[in-house]
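# Working through the structure, step by step
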Amino acid sequence: MSADSLSTEARSKKFGAAEADGIVRCDACPVLCRIRPGRSGACSRYANKDGHLVRTDPVVLLHDAAESGQRLVPFGAAEWDGRVLDPSRTFVTGIGAGTTYPDYKPAPFIVASEHAGVETVTVVTEGIFSYCGVKVKIDTDRHLGPERAAVRVNGEEVGHVTTAEYGSQMLSVGGVRHLTGGSKKEGTVTCDTLLRLCAGDAVTMTIDGGHEVVVQAGQAPIVDGVPEQRMRVGCGSATVGIFARQWLGHADEVIVVDDHITGVLTEHQAGRVLGMRPAGIRVKGRRSTPGRYFQVANPGIGWGGTDIADPLAIIQAIDPATAWPGLRLLMTSTTGEHALWLVLDETLKPVPAEMPAPVRGVVDRIGENCEPSLCTVLFMAGAGGSLRAGVTENPVLLTRSVAAGETRVTMGGAPVTVWPGGGITVMADVTRLPKNAFGSVPTPAIVAPIEFTLPRNLYARLGGHDGDVVAMTDVLREVGPAARIDPWNPGHPWPAGEIAGGPA
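Residues numbered from 1 in each chain as written. Predicted model: local features only at pLDDT ≥ 70, side-chain atom pairs only at ≥ 80, totals over all residues. Heavy atoms only, no water.

Identification of the protein chain as 6-hydroxynicotinate reductase from Methylobacterium aquaticum is taken from an unreviewed UniProt entry.

### Structural notes on the domain arrangement of the protein chain
Once the domains are mapped, the protein chain shows domain 1 (132–229) and domain 2 (236–372). Across the boundary between the two partners, domain 1 contributes nine residues, which contact 13 residues of domain 2. Overall, the association of domain 1 and domain 2 removes approximately 820 Å² of surface from exposure, summing both partners, and the carbon and sulfur fraction of that is 50%. Of all residues in domain 1, the largest losses of buried area upon contact with domain 2 belong to D141, R142 and H143, amounting jointly to 60% of the total for that side. (Domains from an automatic or database assignment. Contact = heavy atoms within 4.5 Å. Buried area = accessible area lost by both parts, 1.4 Å probe.)

### Thoughts on the confidence of the model for the protein chain
Per-residue confidence for the protein chain gives a mean pLDDT of 91; residues scoring 70 or more make up 93%. A low-confidence stretch, residues 72–82 stays under pLDDT 50, and its non-local contacts, those more than four residues away or across chains, total 21 contacts. (pLDDT = per-residue confidence, 0-100.)

### What about the nonpolar core?
Core analysis: the largest hydrophobic core is formed by 67 residues, its most contacted members being M205, F379 and F452. Not counting residues within four places of it along the chain, the set of residues in contact with F452 comprises V121, T122, V123, L387, V391, L398, V402, T407, R408, V409 and I424. (Core = buried A, V, L, I, M, F, W, Y, C linked by side-chain atoms within 4.5 Å. Buried < 20%, exposed > 50% of the residue type's maximum accessible area, 1.4 Å probe, protein only.)

### Things to note about the sheet that holds strand β19 (residues 262–264)
Pairing is mixed in the open sheet, where seven strands are placed in the order β21-β22-β19-β18-β24-β25-β26. Of all strands in the sheet, those bounded by a partner on one side alone are β21 (286–289) and β26 (350–352). Neighbour-to-neighbour, the strand axes of this sheet turn through a mean angle of 25°, independent of strand direction. Direction of pairing for β19 relative to strand β22 (residues 292–294): antiparallel, over a ladder of two bridges. Its bridge partner being in β22, G263 is matched across the sheet by R292. Contacts from helix α5 (residues 236–247) reach β18 (253–257), β19, β22 and β24 (328–333) within the one sheet, and its direction differs from that of β18 by about 150°. (Pairing = 2+ DSSP bridges. Helix = DSSP H or I, 4+ residues; strand = E, 2+ residues; numbered from the N terminus. Axes fitted to C-alpha atoms, helices over the stretch in contact; angles between N-to-C directions.)

See below:
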(Lines give C-alpha, C1' and ligand atoms only; values in the text may rest on other atoms or scores of the structure.)
Protein backbone atom coordinates (compact mmCIF):
# COMPACT_ATOMS: atom_id res chain seq x y z
CA MET A 1 0.00 0.00 0.00
CA SER A 2 1.15 3.54 -0.71
CA ALA A 3 2.58 5.68 2.07
CA ASP A 4 -0.06 8.24 1.05
CA SER A 5 -2.46 6.27 3.25
CA LEU A 6 -0.54 7.66 6.24
CA SER A 7 -1.08 11.31 5.34
CA THR A 8 -3.14 13.54 7.63
CA GLU A 9 -5.94 13.70 5.09
CA ALA A 10 -6.06 9.94 4.55
CA ARG A 11 -5.99 9.13 8.27
CA SER A 12 -8.68 11.76 8.89
CA LYS A 13 -11.00 9.98 6.46
CA LYS A 14 -10.23 6.66 8.13
CA PHE A 15 -11.23 7.92 11.56
CA GLY A 16 -14.17 10.15 10.63
CA ALA A 17 -16.06 12.11 7.98
CA ALA A 18 -16.27 15.77 6.99
CA GLU A 19 -19.62 17.57 7.36
CA ALA A 20 -20.85 21.08 6.61
CA ASP A 21 -19.31 24.23 8.13
CA GLY A 22 -15.95 22.53 8.65
CA ILE A 23 -17.39 20.10 11.21
CA VAL A 24 -15.82 16.64 11.37
CA ARG A 25 -17.71 13.63 12.67
CA CYS A 26 -15.47 11.33 14.71
CA ASP A 27 -16.15 7.62 14.17
CA ALA A 28 -13.56 6.41 16.67
CA CYS A 29 -16.18 5.34 19.22
CA PRO A 30 -19.98 4.98 19.37
CA VAL A 31 -20.42 8.51 20.78
CA LEU A 32 -19.88 9.93 17.24
CA CYS A 33 -18.85 13.42 18.30
CA ARG A 34 -19.38 16.26 15.78
CA ILE A 35 -16.28 18.40 16.31
CA ARG A 36 -16.01 22.02 15.21
CA PRO A 37 -12.73 23.45 13.89
CA GLY A 38 -10.16 24.00 16.61
CA ARG A 39 -12.09 21.91 19.14
CA SER A 40 -11.67 18.40 20.51
CA GLY A 41 -14.21 15.63 21.11
CA ALA A 42 -15.71 14.52 24.41
CA CYS A 43 -12.79 12.22 25.14
CA SER A 44 -10.17 14.89 24.26
CA ARG A 45 -8.39 12.22 22.20
CA TYR A 46 -9.47 13.53 18.79
CA ALA A 47 -9.64 17.09 17.50
CA ASN A 48 -10.60 19.01 14.38
CA LYS A 49 -7.48 20.58 12.92
CA ASP A 50 -8.11 22.57 9.75
CA GLY A 51 -10.99 20.31 8.82
CA HIS A 52 -9.08 17.11 9.48
CA LEU A 53 -9.70 14.71 12.36
CA VAL A 54 -6.43 14.15 14.22
CA ARG A 55 -5.30 12.36 17.36
CA THR A 56 -4.36 14.88 20.03
CA ASP A 57 -1.59 12.61 21.32
CA PRO A 58 1.33 11.52 19.14
CA VAL A 59 1.76 7.90 18.16
CA VAL A 60 4.46 6.26 20.27
CA LEU A 61 7.34 4.47 18.60
CA LEU A 62 9.73 2.29 20.58
CA HIS A 63 13.31 2.06 19.38
CA ASP A 64 15.83 -0.53 20.47
CA ALA A 65 18.92 1.64 20.19
CA ALA A 66 21.12 -0.83 22.08
CA GLU A 67 20.38 -3.69 19.69
CA SER A 68 20.66 -1.55 16.57
CA GLY A 69 23.88 0.11 17.74
CA GLN A 70 22.33 3.54 17.25
CA ARG A 71 21.96 6.39 19.69
CA LEU A 72 18.39 7.56 20.37
CA VAL A 73 18.17 11.12 19.04
CA PRO A 74 15.29 13.56 18.59
CA PHE A 75 13.78 13.94 15.16
CA GLY A 76 14.69 16.84 12.95
CA ALA A 77 11.30 17.17 11.30
CA ALA A 78 12.36 19.65 8.63
CA GLU A 79 14.66 17.37 6.66
CA TRP A 80 14.22 13.99 8.31
CA ASP A 81 14.03 11.11 5.81
CA GLY A 82 13.19 8.25 8.16
CA ARG A 83 16.71 6.83 8.27
CA VAL A 84 17.62 7.96 11.81
CA LEU A 85 15.89 4.93 13.31
CA ASP A 86 16.69 1.39 12.32
CA PRO A 87 13.41 0.06 10.86
CA SER A 88 14.21 -3.48 11.98
CA ARG A 89 14.51 -2.32 15.62
CA THR A 90 11.60 0.12 15.70
CA PHE A 91 8.21 -0.93 17.00
CA VAL A 92 4.96 0.96 16.37
CA THR A 93 2.74 0.83 19.46
CA GLY A 94 -0.99 1.33 19.70
CA ILE A 95 -0.47 4.38 21.92
CA GLY A 96 -1.77 7.39 20.02
CA ALA A 97 -2.37 5.25 16.93
CA GLY A 98 -6.12 5.79 16.83
CA THR A 99 -8.84 3.21 16.43
CA THR A 100 -11.38 2.15 13.85
CA TYR A 101 -13.75 0.78 16.50
CA PRO A 102 -16.57 -0.16 16.09
CA ASP A 103 -16.24 -0.41 12.32
CA TYR A 104 -15.06 -2.99 9.83
CA LYS A 105 -12.19 -0.73 8.73
CA PRO A 106 -8.60 -1.99 8.82
CA ALA A 107 -6.53 -1.05 11.86
CA PRO A 108 -4.83 2.38 11.84
CA PHE A 109 -1.37 0.86 11.27
CA ILE A 110 -0.57 -2.47 9.64
CA VAL A 111 3.21 -2.40 9.50
CA ALA A 112 5.56 -4.69 7.60
CA SER A 113 9.13 -5.20 8.73
CA GLU A 114 11.80 -7.88 8.57
CA HIS A 115 13.54 -9.72 11.38
CA ALA A 116 16.17 -12.45 11.00
CA GLY A 117 15.17 -12.86 7.37
CA VAL A 118 11.48 -13.33 8.15
CA GLU A 119 8.97 -10.76 6.93
CA THR A 120 6.53 -9.91 9.70
CA VAL A 121 3.44 -7.77 10.13
CA THR A 122 2.39 -5.86 13.24
CA VAL A 123 -1.24 -4.76 13.37
CA VAL A 124 -1.52 -1.72 15.61
CA THR A 125 -4.61 -0.14 17.16
CA GLU A 126 -6.10 1.38 20.27
CA GLY A 127 -8.74 -0.94 21.67
CA ILE A 128 -11.86 0.41 23.37
CA PHE A 129 -12.61 -1.94 26.23
CA SER A 130 -15.75 -2.09 28.35
CA TYR A 131 -14.99 -5.70 29.24
CA CYS A 132 -11.94 -4.72 31.24
CA GLY A 133 -10.68 -4.11 34.73
CA VAL A 134 -7.63 -4.47 36.92
CA LYS A 135 -6.49 -7.11 39.34
CA VAL A 136 -4.74 -5.48 42.30
CA LYS A 137 -2.25 -7.39 44.44
CA ILE A 138 -1.50 -5.68 47.75
CA ASP A 139 1.47 -7.09 49.64
CA THR A 140 0.31 -7.10 53.24
CA ASP A 141 -0.82 -9.63 55.82
CA ARG A 142 -3.23 -7.09 57.25
CA HIS A 143 -6.92 -7.78 56.79
CA LEU A 144 -8.35 -5.17 54.43
CA GLY A 145 -11.90 -6.48 54.36
CA PRO A 146 -13.92 -9.68 54.02
CA GLU A 147 -13.95 -11.60 50.76
CA ARG A 148 -16.64 -10.35 48.35
CA ALA A 149 -16.86 -7.01 50.22
CA ALA A 150 -17.47 -3.99 48.01
CA VAL A 151 -14.52 -1.75 47.14
CA ARG A 152 -15.56 1.89 46.86
CA VAL A 153 -14.10 5.10 45.48
CA ASN A 154 -15.88 8.33 46.37
CA GLY A 155 -18.71 6.22 47.73
CA GLU A 156 -19.31 4.36 44.46
CA GLU A 157 -18.82 0.62 44.21
CA VAL A 158 -16.02 -0.08 41.73
CA GLY A 159 -15.01 -3.64 42.59
CA HIS A 160 -14.69 -6.20 45.35
CA VAL A 161 -12.25 -8.06 47.58
CA THR A 162 -11.35 -11.40 46.07
CA THR A 163 -9.44 -14.48 47.23
CA ALA A 164 -6.29 -13.65 49.20
CA GLU A 165 -2.98 -15.00 47.94
CA TYR A 166 0.15 -15.95 49.86
CA GLY A 167 1.27 -12.80 51.64
CA SER A 168 -1.04 -10.55 49.64
CA GLN A 169 -4.59 -9.25 49.66
CA MET A 170 -6.32 -9.15 46.28
CA LEU A 171 -8.87 -6.76 44.77
CA SER A 172 -10.81 -6.97 41.53
CA VAL A 173 -11.64 -3.48 40.26
CA GLY A 174 -13.71 -2.50 37.26
CA GLY A 175 -15.41 -4.88 34.86
CA VAL A 176 -18.37 -4.42 32.58
CA ARG A 177 -20.96 -4.65 35.38
CA HIS A 178 -19.51 -1.59 37.11
CA LEU A 179 -18.72 0.30 33.91
CA THR A 180 -22.11 -0.12 32.23
CA GLY A 181 -24.36 -2.23 34.44
CA GLY A 182 -24.93 0.25 37.26
CA SER A 183 -25.74 3.93 37.53
CA LYS A 184 -24.13 6.51 35.29
CA LYS A 185 -22.13 7.83 38.24
CA GLU A 186 -20.90 4.34 39.12
CA GLY A 187 -19.71 3.85 35.56
CA THR A 188 -17.98 7.23 35.45
CA VAL A 189 -16.21 6.73 38.79
CA THR A 190 -15.20 3.18 37.84
CA CYS A 191 -13.74 4.35 34.53
CA ASP A 192 -11.83 7.18 36.22
CA THR A 193 -10.53 4.78 38.87
CA LEU A 194 -9.26 2.34 36.25
CA LEU A 195 -7.65 5.13 34.27
CA ARG A 196 -5.82 6.45 37.33
CA LEU A 197 -4.67 3.01 38.45
CA CYS A 198 -3.38 2.21 34.97
CA ALA A 199 -1.58 5.56 34.84
CA GLY A 200 0.25 4.75 38.06
CA ASP A 201 -1.62 7.34 40.14
CA ALA A 202 -2.51 6.84 43.80
CA VAL A 203 -6.17 5.93 44.38
CA THR A 204 -7.84 5.94 47.80
CA MET A 205 -10.32 3.10 48.27
CA THR A 206 -12.56 2.05 51.13
CA ILE A 207 -13.74 -1.49 51.73
CA ASP A 208 -17.13 -2.27 53.23
CA GLY A 209 -16.66 -3.79 56.67
CA GLY A 210 -12.92 -3.18 56.40
CA HIS A 211 -10.36 -0.46 55.99
CA GLU A 212 -9.13 2.36 53.79
CA VAL A 213 -6.26 1.57 51.46
CA VAL A 214 -4.31 3.78 49.07
CA VAL A 215 -3.23 1.82 45.99
CA GLN A 216 -0.53 2.94 43.55
CA ALA A 217 1.17 0.59 41.11
CA GLY A 218 4.75 -0.10 42.10
CA GLN A 219 4.42 1.69 45.46
CA ALA A 220 3.79 0.54 49.02
CA PRO A 221 0.12 0.32 50.03
CA ILE A 222 -1.11 2.69 52.72
CA VAL A 223 -3.60 1.12 55.12
CA ASP A 224 -5.60 3.49 57.32
CA GLY A 225 -2.95 6.13 56.78
CA VAL A 226 0.01 3.89 57.63
CA PRO A 227 2.41 2.84 54.83
CA GLU A 228 3.09 -0.88 54.73
CA GLN A 229 6.75 -1.85 54.90
CA ARG A 230 7.05 -5.61 54.62
CA MET A 231 5.44 -8.54 52.88
CA ARG A 232 5.41 -11.46 55.31
CA VAL A 233 8.14 -14.07 55.02
CA GLY A 234 5.54 -16.84 55.17
CA CYS A 235 2.68 -18.03 57.35
CA GLY A 236 3.29 -18.68 61.05
CA SER A 237 4.00 -22.35 60.44
CA ALA A 238 6.44 -21.58 57.61
CA THR A 239 8.23 -19.00 59.76
CA VAL A 240 8.67 -21.56 62.53
CA GLY A 241 10.06 -24.05 60.04
CA ILE A 242 12.49 -21.56 58.49
CA PHE A 243 14.01 -20.25 61.71
CA ALA A 244 13.57 -23.17 64.17
CA ARG A 245 17.25 -24.15 64.22
CA GLN A 246 18.30 -20.53 64.79
CA TRP A 247 16.09 -20.29 67.88
CA LEU A 248 17.31 -23.59 69.32
CA GLY A 249 19.14 -23.03 72.60
CA HIS A 250 18.04 -19.39 72.83
CA ALA A 251 14.27 -19.79 73.36
CA ASP A 252 12.22 -22.54 74.97
CA GLU A 253 9.10 -21.70 73.01
CA VAL A 254 8.29 -19.52 70.00
CA ILE A 255 4.79 -18.57 68.91
CA VAL A 256 4.49 -16.89 65.51
CA VAL A 257 1.16 -15.07 65.39
CA ASP A 258 -0.61 -15.23 62.04
CA ASP A 259 -4.19 -14.79 60.88
CA HIS A 260 -3.76 -17.78 58.58
CA ILE A 261 -1.72 -20.38 60.50
CA THR A 262 -0.17 -19.56 63.87
CA GLY A 263 2.91 -21.65 64.54
CA VAL A 264 3.98 -23.06 67.93
CA LEU A 265 7.60 -24.22 67.80
CA THR A 266 7.80 -27.08 70.35
CA GLU A 267 4.59 -28.70 69.04
CA HIS A 268 5.57 -28.16 65.40
CA GLN A 269 7.33 -30.87 63.43
CA ALA A 270 10.42 -28.63 63.24
CA GLY A 271 10.64 -28.44 67.03
CA ARG A 272 10.12 -32.18 67.41
CA VAL A 273 12.87 -32.99 64.88
CA LEU A 274 15.19 -30.72 66.89
CA GLY A 275 14.26 -32.58 70.09
CA MET A 276 12.81 -29.54 71.84
CA ARG A 277 11.11 -30.07 75.21
CA PRO A 278 7.34 -29.45 75.17
CA ALA A 279 6.53 -26.09 76.76
CA GLY A 280 2.91 -26.67 77.73
CA ILE A 281 1.65 -23.37 76.32
CA ARG A 282 -1.64 -23.84 74.49
CA VAL A 283 -2.94 -21.17 72.14
CA LYS A 284 -6.54 -20.44 71.21
CA GLY A 285 -8.02 -21.42 67.89
CA ARG A 286 -8.59 -24.61 65.97
CA ARG A 287 -5.68 -27.02 65.84
CA SER A 288 -4.93 -28.19 62.32
CA THR A 289 -1.89 -30.39 62.82
CA PRO A 290 0.68 -30.33 65.65
CA GLY A 291 1.98 -26.81 66.15
CA ARG A 292 -0.33 -25.28 63.52
CA TYR A 293 -3.46 -23.36 64.59
CA PHE A 294 -6.23 -21.71 62.61
CA GLN A 295 -8.41 -18.80 63.80
CA VAL A 296 -6.45 -17.78 66.90
CA ALA A 297 -8.12 -14.36 66.61
CA ASN A 298 -10.26 -12.36 64.22
CA PRO A 299 -8.75 -10.82 61.07
CA GLY A 300 -7.50 -7.27 61.49
CA ILE A 301 -4.54 -4.92 61.13
CA GLY A 302 -2.77 -5.95 64.34
CA TRP A 303 -0.22 -8.69 64.99
CA GLY A 304 0.14 -11.02 62.00
CA GLY A 305 -2.99 -9.73 60.29
CA THR A 306 -5.15 -10.40 63.34
CA ASP A 307 -7.15 -7.92 65.40
CA ILE A 308 -5.00 -8.27 68.51
CA ALA A 309 -2.65 -5.68 69.97
CA ASP A 310 -1.61 -7.85 72.95
CA PRO A 311 -0.26 -11.22 71.79
CA LEU A 312 -0.85 -12.77 75.20
CA ALA A 313 -4.56 -12.64 74.36
CA ILE A 314 -4.16 -15.73 72.18
CA ILE A 315 -2.72 -17.88 75.00
CA GLN A 316 -5.51 -20.14 76.21
CA ALA A 317 -3.69 -22.00 78.97
CA ILE A 318 -0.27 -22.84 80.42
CA ASP A 319 -0.01 -26.42 81.68
CA PRO A 320 1.69 -26.42 85.13
CA ALA A 321 2.61 -30.06 84.66
CA THR A 322 4.68 -29.23 81.59
CA ALA A 323 5.77 -25.58 81.79
CA TRP A 324 8.38 -24.36 84.27
CA PRO A 325 9.46 -21.10 85.92
CA GLY A 326 12.10 -19.34 83.84
CA LEU A 327 10.72 -20.69 80.54
CA ARG A 328 11.79 -18.33 77.79
CA LEU A 329 9.00 -17.42 75.37
CA LEU A 330 9.24 -15.42 72.14
CA MET A 331 6.09 -14.15 70.48
CA THR A 332 6.53 -12.57 67.06
CA SER A 333 4.66 -11.80 63.86
CA THR A 334 5.37 -13.11 60.36
CA THR A 335 7.13 -9.87 59.42
CA GLY A 336 9.12 -9.37 62.61
CA GLU A 337 7.54 -5.93 63.01
CA HIS A 338 5.93 -7.12 66.24
CA ALA A 339 7.95 -9.13 68.76
CA LEU A 340 7.77 -9.67 72.51
CA TRP A 341 10.20 -11.56 74.80
CA LEU A 342 8.73 -13.08 77.96
CA VAL A 343 9.92 -15.22 80.85
CA LEU A 344 7.55 -17.28 83.03
CA ASP A 345 7.71 -16.30 86.72
CA GLU A 346 7.21 -18.58 89.69
CA THR A 347 3.44 -18.60 89.10
CA LEU A 348 4.02 -19.41 85.39
CA LYS A 349 2.83 -15.97 84.39
CA PRO A 350 4.56 -14.58 81.28
CA VAL A 351 6.50 -11.45 82.23
CA PRO A 352 8.03 -9.13 79.60
CA ALA A 353 11.82 -8.98 79.69
CA GLU A 354 14.68 -7.61 77.62
CA MET A 355 15.14 -9.65 74.47
CA PRO A 356 18.56 -11.33 74.26
CA ALA A 357 20.76 -10.29 71.34
CA PRO A 358 20.75 -13.75 69.62
CA VAL A 359 16.94 -13.81 69.67
CA ARG A 360 16.74 -10.21 68.46
CA GLY A 361 19.05 -11.20 65.64
CA VAL A 362 16.64 -13.91 64.45
CA VAL A 363 13.67 -11.54 64.67
CA ASP A 364 15.63 -9.03 62.59
CA ARG A 365 16.38 -11.80 60.11
CA ILE A 366 12.66 -12.42 59.70
CA GLY A 367 12.35 -8.79 58.65
CA GLU A 368 15.38 -9.12 56.38
CA ASN A 369 13.69 -12.00 54.57
CA CYS A 370 10.50 -10.02 54.00
CA GLU A 371 10.23 -8.40 50.58
CA PRO A 372 9.09 -4.76 50.41
CA SER A 373 5.34 -4.30 50.32
CA LEU A 374 4.16 -3.19 46.90
CA CYS A 375 0.95 -2.76 44.95
CA THR A 376 0.76 -4.58 41.63
CA VAL A 377 -1.85 -3.52 39.07
CA LEU A 378 -2.60 -5.86 36.17
CA PHE A 379 -4.85 -4.57 33.40
CA MET A 380 -7.12 -7.28 32.04
CA ALA A 381 -9.32 -7.03 28.96
CA GLY A 382 -10.95 -9.02 26.19
CA ALA A 383 -10.32 -8.17 22.53
CA GLY A 384 -13.78 -7.99 20.99
CA GLY A 385 -15.08 -8.76 17.53
CA SER A 386 -14.80 -5.30 16.00
CA LEU A 387 -11.23 -4.86 17.27
CA ARG A 388 -10.29 -8.17 15.67
CA ALA A 389 -12.07 -7.13 12.47
CA GLY A 390 -9.45 -4.40 12.16
CA VAL A 391 -6.90 -7.21 11.87
CA THR A 392 -8.67 -9.69 9.61
CA GLU A 393 -11.95 -10.21 7.79
CA ASN A 394 -12.33 -13.56 9.57
CA PRO A 395 -11.70 -12.77 13.26
CA VAL A 396 -11.95 -16.34 14.55
CA LEU A 397 -8.78 -17.19 12.62
CA LEU A 398 -6.91 -14.50 14.56
CA THR A 399 -8.25 -15.90 17.84
CA ARG A 400 -7.05 -19.39 16.94
CA SER A 401 -3.65 -18.07 15.84
CA VAL A 402 -3.16 -16.25 19.15
CA ALA A 403 -4.18 -19.36 21.08
CA ALA A 404 -1.72 -21.45 19.08
CA GLY A 405 1.12 -19.01 19.81
CA GLU A 406 1.57 -18.13 16.14
CA THR A 407 0.56 -14.49 16.70
CA ARG A 408 2.16 -12.50 19.53
CA VAL A 409 0.06 -9.99 21.43
CA THR A 410 1.58 -6.95 23.13
CA MET A 411 0.20 -3.81 24.75
CA GLY A 412 2.33 -0.77 24.13
CA GLY A 413 5.14 -3.19 23.31
CA ALA A 414 4.86 -4.84 26.73
CA PRO A 415 4.38 -8.62 26.93
CA VAL A 416 0.97 -9.88 28.01
CA THR A 417 -0.42 -13.06 29.47
CA VAL A 418 -3.03 -14.58 27.17
CA TRP A 419 -5.60 -16.61 29.05
CA PRO A 420 -6.31 -20.10 27.72
CA GLY A 421 -9.74 -20.92 26.36
CA GLY A 422 -11.97 -18.98 24.02
CA GLY A 423 -11.51 -15.38 22.93
CA ILE A 424 -8.46 -13.18 23.34
CA THR A 425 -8.34 -12.26 27.02
CA VAL A 426 -5.08 -10.57 27.96
CA MET A 427 -3.45 -9.32 31.14
CA ALA A 428 -0.55 -6.86 31.41
CA ASP A 429 1.44 -5.21 34.20
CA VAL A 430 0.65 -1.50 33.84
CA THR A 431 4.14 -0.49 35.02
CA ARG A 432 5.67 -2.18 31.96
CA LEU A 433 3.76 -0.03 29.47
CA PRO A 434 5.06 3.37 28.33
CA LYS A 435 3.75 6.45 30.12
CA ASN A 436 0.28 7.72 29.24
CA ALA A 437 -0.60 4.47 27.52
CA PHE A 438 -4.25 4.47 28.60
CA GLY A 439 -7.19 6.69 27.87
CA SER A 440 -10.98 6.61 28.08
CA VAL A 441 -14.15 7.42 26.18
CA PRO A 442 -17.42 8.68 27.67
CA THR A 443 -19.43 5.52 26.94
CA PRO A 444 -17.66 4.79 29.48
CA ALA A 445 -14.80 2.50 28.49
CA ILE A 446 -11.03 2.29 28.74
CA VAL A 447 -8.80 2.85 25.72
CA ALA A 448 -5.63 0.77 25.66
CA PRO A 449 -2.99 -0.04 23.04
CA ILE A 450 -2.84 -3.50 21.54
CA GLU A 451 -0.59 -4.95 18.86
CA PHE A 452 -0.62 -8.26 17.02
CA THR A 453 2.66 -9.43 15.45
CA LEU A 454 2.80 -12.40 13.07
CA PRO A 455 4.57 -13.63 9.93
CA ARG A 456 3.50 -11.84 6.75
CA ASN A 457 2.51 -15.06 4.99
CA LEU A 458 0.39 -16.13 7.96
CA TYR A 459 -1.32 -12.74 7.95
CA ALA A 460 -2.41 -13.33 4.38
CA ARG A 461 -3.73 -16.82 5.24
CA LEU A 462 -5.76 -15.38 8.12
CA GLY A 463 -7.63 -13.12 5.73
CA GLY A 464 -5.75 -10.03 6.88
CA HIS A 465 -6.10 -6.63 5.24
CA ASP A 466 -3.07 -7.26 3.06
CA GLY A 467 -3.78 -4.28 0.85
CA ASP A 468 -3.39 -1.96 3.85
CA VAL A 469 0.05 -3.16 4.86
CA VAL A 470 2.63 -0.35 4.90
CA ALA A 471 6.41 -0.72 5.12
CA MET A 472 8.07 0.40 8.35
CA THR A 473 10.29 2.79 6.40
CA ASP A 474 7.18 4.56 5.09
CA VAL A 475 5.70 4.76 8.58
CA LEU A 476 8.88 6.33 9.90
CA ARG A 477 9.03 8.82 7.03
CA GLU A 478 5.38 9.91 7.16
CA VAL A 479 4.55 9.63 10.87
CA GLY A 480 7.95 9.71 12.54
CA PRO A 481 8.53 13.47 12.66
CA ALA A 482 5.44 13.97 14.81
CA ALA A 483 5.84 10.76 16.84
CA ARG A 484 6.95 10.34 20.41
CA ILE A 485 10.06 8.17 20.52
CA ASP A 486 10.64 6.09 23.64
CA PRO A 487 13.46 3.62 24.25
CA TRP A 488 12.62 -0.05 24.04
CA ASN A 489 12.49 -1.78 27.43
CA PRO A 490 15.44 -4.21 27.35
CA GLY A 491 13.53 -6.55 29.65
CA HIS A 492 10.86 -7.13 27.01
CA PRO A 493 11.21 -9.75 24.27
CA TRP A 494 11.19 -8.32 20.75
CA PRO A 495 7.81 -9.48 19.30
CA ALA A 496 9.08 -10.08 15.78
CA GLY A 497 12.07 -11.93 17.22
CA GLU A 498 9.77 -14.40 18.94
CA ILE A 499 7.86 -14.94 15.71
CA ALA A 500 10.96 -15.29 13.56
CA GLY A 501 12.58 -17.67 16.01
CA GLY A 502 15.69 -15.50 16.13
CA PRO A 503 17.15 -13.48 19.03
CA ALA A 504 14.59 -11.37 20.84
